[in-house]
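# An overview of the molecular structure
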Amino acid sequence: MNTRTVILVGLALIAMLLWSGTYTLSENEQAVMTRFGEPRGNPVTSPGLHLKLPFADTVNRFDKRWLDWRGDPNQIPTKDKKYIWVDTFGRWRIVEPLRFFQRLRDERNAQSRLDDIIDGETRNAIASYPLIDAVRSSNRPFSDDEYMAKSEGDEAEEPVSIGRDKLTRLIRDRAAAVVREFGVELVDVQVRRINYVDEVQVKVFERMVSERQRIAERSRSEGMGRAAEIRGERERELKAIRSEAYRKAQETTGRADARAAAIYAEAFGKDVEFYQFLTTLEAYPTAIDGSTSLFLSTSSEFYRYLRSSEK
Amino acid sequence: MTDQSPFQRNPDPRDPAQALREVGREFARHGRAARWGLAVLLGLIAAVTSYAQIEPDEVGVILRLGRFTTTVDPGPHFRLPFGIDQIIKVPVQRQLKAEFGFRTDRAAERTTYAASDRDTSREAIMLTGDLNVAVVDWIVQYKIADPYKYLFKVKNVEAMLRDIAEASMRAVVGDHSVNEVLTTGRQQVADEAKLTLQALADRYETGVDIQQVVLQDVNPPDPVKPSFNAVNEAIQEKERAINEAYAELNRAVPRAKGEAQETLQAAEGYAIDRVNRAKGEADRFSSIHQEYAKAPDVTRRRLYLETVKQVLAKAGGKVISDESQRGVTPLLTMDRSSITPGVAADQRDRVPGRVEK
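Below, the structure is looked at part by part. (Residues numbered from 1 in each chain as written. Chains lettered and ligands numbered in written order. Predicted model: local features only at pLDDT ≥ 70, side-chain atom pairs only at ≥ 80, totals over all residues. Heavy atoms only, no water.)

A word on a nonpolar patch on the surface. Residue and element names in this part refer to chain A. Where nonpolar side chains cluster on the molecular surface, the patch consists of Val9, Leu13, Met16, Leu17 and Phe55 and spans about 490 Å² of accessible area. Locating valine 9 in the fold gives a position in helix α1 (residues 3-21). Of the residues examined, valine 9 reaches a relative accessible area of 45% and is grouped as partly exposed. (Patch = residues over 30% accessible without salt bridge, like charges linked within 9 Å, V, L, I, M, F, W, Y side chains within 5 Å. Areas by Shrake-Rupley, 256 points an atom, 1.4 Å probe, with all protein chains shown as cover. Salt bridge = Lys/Arg side-chain N within 4 Å of Asp/Glu carboxyl O. Helix = DSSP H or I, 4+ residues; strand = E, 2+ residues; numbered from the N terminus. Buried < 20%, exposed > 50% of the residue type's maximum accessible area, 1.4 Å probe, protein only.)

Rendered as structure tokens:
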């Protein structure tokens with residue numbers, strides 16, 4: 001064994017010691033150190049280069065980031081007996097890596113425990129409230145057209161008692177309390193999707209169709225009603241225009257007649273007897289024509305000279 | 001135990017060290033010639049691993065032995081070689097897009113989400129606030145605002161964004177009626193969904209800035225579609241009925257107004273005519289009477305005789321009898337059996353302006 005080999009072996013040993021005595025943690029990691037299986041010290045959460053006892057210490061890495069949990073869609077009846085699929089997801093993270101390491105070992109286990117716990121809580125929460133509470137978050141009134149709006153007594157008119165946000169918070173709170181002992185912080189559970197179970201969906205579609213038909217009929221009937229109203233308006237207006245014209249015409253002619261009567265009276269009143277005489281005389285030529293036969297006596301003023309010329 | 005995010009493409013820091021160890025053994029085994037070769041090789045590796053280039057739409061996040069040190073802007077950059085420094089490139093300038101309820105062909109390639117991508121239509125079906133069902137396709141456009149959070153705060157950021165995008169859209173649609181979602185409230189739904197989504201994205205420390213939420217196709221479910229169309233038709237029908245009624249109104253009223261005017265004018269005409277005639281006749285009478293008053297007897301006789309002369313000239317049959325010769329039946333011409341009515345009524349005396357229906 002020459003010195004060079006010794007030096008080389010020594011260098012190699014030092015390199016191995018260095019290599020085994022250090023480890024790096026990335027920004028998204030945290031670690032629990034175990035020495036021959038026994039947990040040692042506090043979990044390491046700061047990223048960068050760290051020292052450890054070579055060969056004896058093991059680094060158990062865990063994720064430090066927000067982790068996702070996605071539930072399987074669950075078929076759940078609501079309090080008002082509507083069957084729906086509820087699809088939830090949650091966010092969680094490992095806050096106590098040691099405890100997490102001891103209870104669950106790894107993320108896969110954690111996921112399956114979360115499945116059990118959150119699914120159960122979701123089921124409880126959904127089942128204790130009517131559907132509307134899982135769908136709506138507020139009692140905000142809809143700004144629908146007046147004839148689009150639902151008629152009274154429909155189910156959606158039920159007020160929301162707690163609403164979607166509070167409902168999911170309820171699930172979160174209950175599940176979070178349970179998972180805390182695993183060193184897990186559950187920060188949020190959200191409902192990703194709610195859908196009707198197929199059989200219910202068919203019914204809902206039928207209801208939507210009938211609702212639309214109702215709206216269509218209503219619209220049509222409103223149209224006809226309004227049209228009739230307008231026709232009535234037209235009739236009224238025509239009557240008003242015509243009668244007004246008739247009234248004014250009557251007034252005008254009446255006034256003219258009265259005026260004429262006054263004029264005649266004033267003129268003829270000067271000598272009524274002469275007026276009668278004159279008018280009667282004037283009437284004769286028109287009253288008597290070729291078809292008129294006259295019996296006349298010689299005692300009449302005109303013919304009296306036929307009989308005698310005496311005065 | 002830790003997943004590699006898609007951006008951590010550089011090798012684990014352990015690997016170069018292992019290579020070093022190999023290099024050491026080689027060094028021991030071979031002689032001087034190999035030594036120089038190794039030195040050159042090491043130099044080359046160092047040169048290659050210490051250079052990094054950041055593209056214009058990216059920033060580089062530098063991790064030194066796993067610890068975040070800084071972010072660098074586009075351009076060439078030096079870093080510590082042999083994997084001591086890692087650079088993760090994050091496309092902060094790029095407008096990223098997530099589609100819901102549909103997929104354009106391009107987007108199909110990044111299916112890290114295959115499990116639920118299988119049925120995109122499931123993403124689109126949602127319950128509205130009046131417990132109806134709507135099918136909503138939408139897109140979310142976002143940018144990475146905080147590369148640090150984006151990389152190190154959340155696992156599976158993309159998947160999580162999809163989750164919270166779906167949750168917030170459903171929360172908003174769940175608070176609107178089907179009618180609002182389909183027609184009047186579209187913009188409002190998109191705006192509210194954006195706000196809700198941004199709030200959730202911030203709460204989850206995704207480091208993502210939501211630029212826009214855009215509703216694409218919003219439809220009623222297929223089985224219900226025809227009846228929604230029927231409603232639209234009914235609305236059209238309603239409008240048409242109303243318009244037709246108005247058309248009738250507009251056709252009749254102006255005409256009636258014109259006719260009314262006609263009646264009034266005719267009445268005015270009658271009035272003028274009547275008064276003028278009265279005045280004329282009155283004047284004539286006054287004039288005659290004036291002369292008559294000067295010589296009543298003569299005038300009277302003259303008027304009488306003139307008239308009788310005129311009348312007798314016109315009359316058809318005339319029988320003149322003498323009272324002193326009673327018993328003599330005058331001879332009649334019996335060819336005129338009918339007696340014509342006197343003067344026909346003057347047409348102008350009828351009251352004008354009778355409104356005809």
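What follows is about the pairing of strand β8 (residues 133-144) of chain B. All names here are of chain B. The buried fraction of β8 amounts to 10 of the 12 residues, a majority that puts the element mostly inside the structure. Where strand β6 (residues 96-100) meets β8, five bridges bridge the pair, whose relative direction is antiparallel. By the bridge assignment for β8, leucine 96 is matched with tyrosine 142. The pairing of strand β7 (residues 125-127) with β8 spans three bridges and is classified as antiparallel. Bridge pairing in β8 links isoleucine 125 to valine 135. (Pairing = 2+ DSSP bridges.)

Moving on, we get to the sheet that holds strand β2 (residues 29-35) of chain A. All names here are of chain A. Taking strand neighbours across the sheet as the criterion, the three strands line up as β3-β2-β5 in an open arrangement whose pairing is antiparallel. The open sheet is flanked by β3 (38-44) and β5 (57-63), the only strands paired with a single partner. If you compare each strand with its neighbour and ignore which way they point, the axes differ by 25 degrees on average. Bridge analysis of β2 against β3 gives four bridges, and the strand direction is antiparallel. When the sheet's bridge partners are listed, methionine 33 is paired in β3 with arginine 40. (Axes fitted to C-alpha atoms, helices over the stretch in contact; angles between N-to-C directions.)

Locating B:Val178 in the fold gives a position in helix α7 (residues 178-182). With 51 residues separating them along the chain, B:Val178 and B:Leu127 place their C-alpha atoms 8.4 Å apart. Ignoring any residue separated from it by four or fewer positions in sequence, one finds B:Val178 in contact with A:Met208, A:Arg212, B:Thr128, B:Asp130, B:Asn132, B:Val133, B:Ala134 and B:Phe228. (Contact = heavy atoms within 4.5 Å.)

Now for the interface of chain A and chain B. Each partner contributes residues to the interface: chain A has 119 residues there, and chain B has 130 residues. A buried area of about 11,800 Å², summed over both sides, lies between chain A and chain B, and 60% of it is on carbon and sulfur atoms. Where chain A meets chain B, there are 15 salt bridges. One salt bridge connects A:Glu107 with B:Lys155, and the closest N-O pair in it is separated by 2.7 Å. Summed over the shared surface of chain A and chain B, the number is 32 residue pairs in polar contact (both at pLDDT 80 or more). For the side of chain A that touches chain B, the residue count by class is 54 nonpolar, 24 polar and 41 charged. Here strand β10 (residues 293-297) of chain A pairs with strand β10 (residues 317-321) of chain B via five bridges, running parallel. Paired with A:Leu296 across the bridge in β10(B) is B:Ile320. (Buried area = accessible area lost by both parts, 1.4 Å probe. Polar contact = N/O pair within 3.5 Å; in protein donor to acceptor, adjacent residues only side chain to side chain. Nonpolar A, V, L, I, M, F, W, Y, C, P; charged D, E, K, R; others polar.)

All names here are of chain A. The phi angle at phenylalanine 55 is positive, at roughly 65 degrees, despite the residue not being glycine. Structurally, the position occupied by phenylalanine 55 is in the loop between β4 (48-51) and β5. Residue phenylalanine 55 is classed as exposed on the basis of its relative accessible area of 59%. A positive phi is found at lysine 81, a non-glycine position, where the angle reads about 60 degrees. With respect to the secondary-structure elements, lysine 81 resides in the loop between β7 (74-77) and β8 (83-94).

Remember, this is a structural readout, not a statement about activity or role.
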